Amino acid sequence: MLQKFNPKNENILIHVGGELFARDEAKVSVFDSVVQGGDAVWEGLRVYDGRIFCLDKHLQRMQDSAHALAFKNIPTVEEIKAAVFQTLEANNMTDGVHIRLTLTRGTKITSGMDPRLNQFGCTIIVLAEHKAPVYDKKGIRLVTSNIRRNSPQFLDSKIHHANLLNNILAKVEANFAGVDDALMLDEHGFVSEVNATNIFIVRDGMVHTSHPDNCLPGITRGIVLDLCKQLEITCVERNISLSECYNADEVFVTGTMGELALVQEIDGRAISNKSGAAILSQLNKAFFEMTKQEGTLLPFA
């Protein structure tokens, strides 16, 4: 899976630090913390037919992450919303859009790690692109990474930070293996998540997913848990071994960028739906119904 340039994004306007810039002119300072240490938090948002799906949940997570990292002068939710709406309106974007929303610790007075050098407040970046879900509808292939997913002993995944080297190293392995993404285990050898998504397996009519210890408790993941309750599908959070993934009836991943996507293969083992389960199909149908009815309306649409 390799994303491609969309010509519709050639002349987009990007919000950086309170101003809109053309694509080729959108830049942050070399003194910004995101450049000097990956010191930022971010969210991925998706726009469906005039609505930003789960906007309030994403912005609450952004606020929580910034607070956990002790950012100062954090913009309010309303200020961040205004920047997002301004960017979408300037680009006449109302559907089929993915937004990469970043909040950095801001610009430093001189280079260095110390957050006390950040004396100008946070920097908001709103990058909105015309972008369909990135995964092939036929399914994706995974390989298990040698890189273990960070545990809270080192860097808590519940902080949605922009220092993604742990995940990027796993993605590099997937690229060398010629597959779409990498499955990451925790320090005990149990399945944690995929480098960019959460993972679920289906076996004997039940849905299983990893404990949100090392993995990010993703917003789309939470929606799937809620949908299982609504559809009266048993769903369990527990430790999952690799062999259980190989032998599952269905395996799928979840995330804003790719929605709910089928996994066809893990480590060369085809996922064979021996029971004929159609749980992913049920969940996908319910998910897309949600996207039609829920979300924050764009004030200009």
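Refer to the structure presented above.
Residues numbered from 1 in each chain as written. Predicted model: local features only at pLDDT ≥ 70, side-chain atom pairs only at ≥ 80, totals over all residues. Heavy atoms only, no water.

**Q** I'd like to hear about the packing of helix 5 (residues 219-230) against helix 7 (residues 279-293), residue by residue, with values.
**A** Where helix 5 meets helix 7, the closest approach of the two axes is 10 Å, and the angle between their N-to-C directions is 110 degrees. Viewed along their axes, helix 5 and helix 7 adopt a mutual orientation that is roughly perpendicular. Between helix 5 and helix 7 the crossing geometry is right-handed. Contacts between helix 5 and helix 7 involve Thr-220, Ile-223, Val-224, Leu-227 and Cys-228 from the first element and Leu-283, Ala-286, Phe-287 and Met-290 from the second. Residue classes in the contact of helix 5 with helix 7 are distributed as 8 nonpolar, 1 polar and no charged. (Axes fitted to C-alpha atoms, helices over the stretch in contact; angles between N-to-C directions. Helix = DSSP H or I, 4+ residues; strand = E, 2+ residues; numbered from the N terminus. Parallel < 35°, antiparallel > 145°, perpendicular 65-115°, else oblique. Left-handed = near helix turned anticlockwise from the far one by under 90°. Contact = heavy atoms within 4.5 Å. Nonpolar A, V, L, I, M, F, W, Y, C, P; charged D, E, K, R; others polar.)

**Q** Describe the sheet that holds strand 5 (residues 97-104), with residues and values.
**A** Read across the sheet, 7 strands follow the order 2-1-6-5-3-4-16 without closing on themselves; strand pairing throughout is antiparallel. If you trace the sheet from one side to the other, it starts and ends with strand 2 (19-22) and strand 16 (296-297), each paired once. With respect to the sheet, helix 3 (residues 77-90) is in contact with strand 1 (13-16), strand 2, strand 3 (40-48), strand 4 (51-52), strand 5, strand 6 (123-130) and strand 16, its orientation differing from that of strand 6 by roughly 35 degrees. (Pairing = 2+ DSSP bridges.)

**Q** How would you explain a nonpolar patch on the surface if you had to name every residue and give the values?
**A** There is a patch of nonpolar side chains on the surface, built from Leu-165, Ile-168, Val-172 and Phe-176 and spanning about 440 Å² of accessible area. Mapping Leu-165 onto the fold places it in helix 4 (residues 165-177). Judged by relative accessible area, which is 54%, Leu-165 ranks as exposed. (Patch = residues over 30% accessible without salt bridge, like charges linked within 9 Å, V, L, I, M, F, W, Y side chains within 5 Å. Areas by Shrake-Rupley, 256 points an atom, 1.4 Å probe, with all protein chains shown as cover. Salt bridge = Lys/Arg side-chain N within 4 Å of Asp/Glu carboxyl O. Buried < 20%, exposed > 50% of the residue type's maximum accessible area, 1.4 Å probe, protein only.)

**Q** Would you mind going over the nonpolar core in detail, with residue names and values included?
**A** One finds Ile-52, Val-84, Leu-88, Ile-99, Leu-101 and Leu-103 to be the most contacted residues of the largest nonpolar core, which totals 28 residues. At the level of secondary structure, the elements contributing two or more residues to this core comprise strand 1, strand 3, helix 2 (55-68), helix 3, strand 5 and strand 6. Of all the elements, helix 3 adds the most residues to this core, at 5 residues. Those residues in contact with Val-84 that lie beyond four places of it in its chain are Ile-52, Ile-99, Leu-101 and Val-126. With 22 residues, the next largest nonpolar core counts Val-202, Val-207, Ile-223 and Leu-283 among its residues. (Core = buried A, V, L, I, M, F, W, Y, C linked by side-chain atoms within 4.5 Å.)

**Q** Explain the pairing of strand 13 (residues 250-255) to me, and be specific about the residues and the numbers.
**A** When you tally the buried positions in strand 13, you get 6 out of 6 residues, the bulk of the element. Judged by which residues are buried, strand 13 turns out to be covered on both faces: Glu-250, Phe-252 and Thr-254 on one side and Val-251, Val-253 and Gly-255 on the other are all buried. For strand 10 (residues 198-203) and strand 13, the ladder comprises 5 bridges, and the chain directions are antiparallel. Counted as the bridge partner of Val-202 is Glu-250 from strand 13. In this sheet, strand 14 (residues 259-266) lies alongside strand 13 in antiparallel orientation, the contact comprising 4 bridges. Across the sheet, the residue bridging to Phe-252 is Leu-262, located in strand 14. Here strand 13 hands over to strand 14 after 3 residues, the two strands then running antiparallel side by side.

**Q** So what's going on with the pattern of salt bridges? Which residues, and what values?
**A** Once the charged atoms of two side chains with opposite charge are near each other, the side chains can pair. Scanning all chains against the criterion turns up 12 salt bridges. In this structure, Glu-43 engages Arg-61 in a salt bridge whose closest nitrogen and oxygen atoms are separated by 2.7 Å. On the criterion of sequence distance, the pair formed by Glu-43 in strand 3 and Arg-61 in helix 2 is long-range, its members being 18 residues apart. Relative accessible area serves as the criterion here: at 14%, Arg-61 is assigned to the buried category. Between Lys-171 and Asp-181 there is a salt bridge; the shortest N-O distance is 3.0 Å. You can see Lys-171 sitting in helix 4 and its partner Asp-181 sitting in strand 8 (residues 181-185), a full 10 residues away along the chain. With respect to burial, Lys-171 and Asp-181 carry one shared label: buried.

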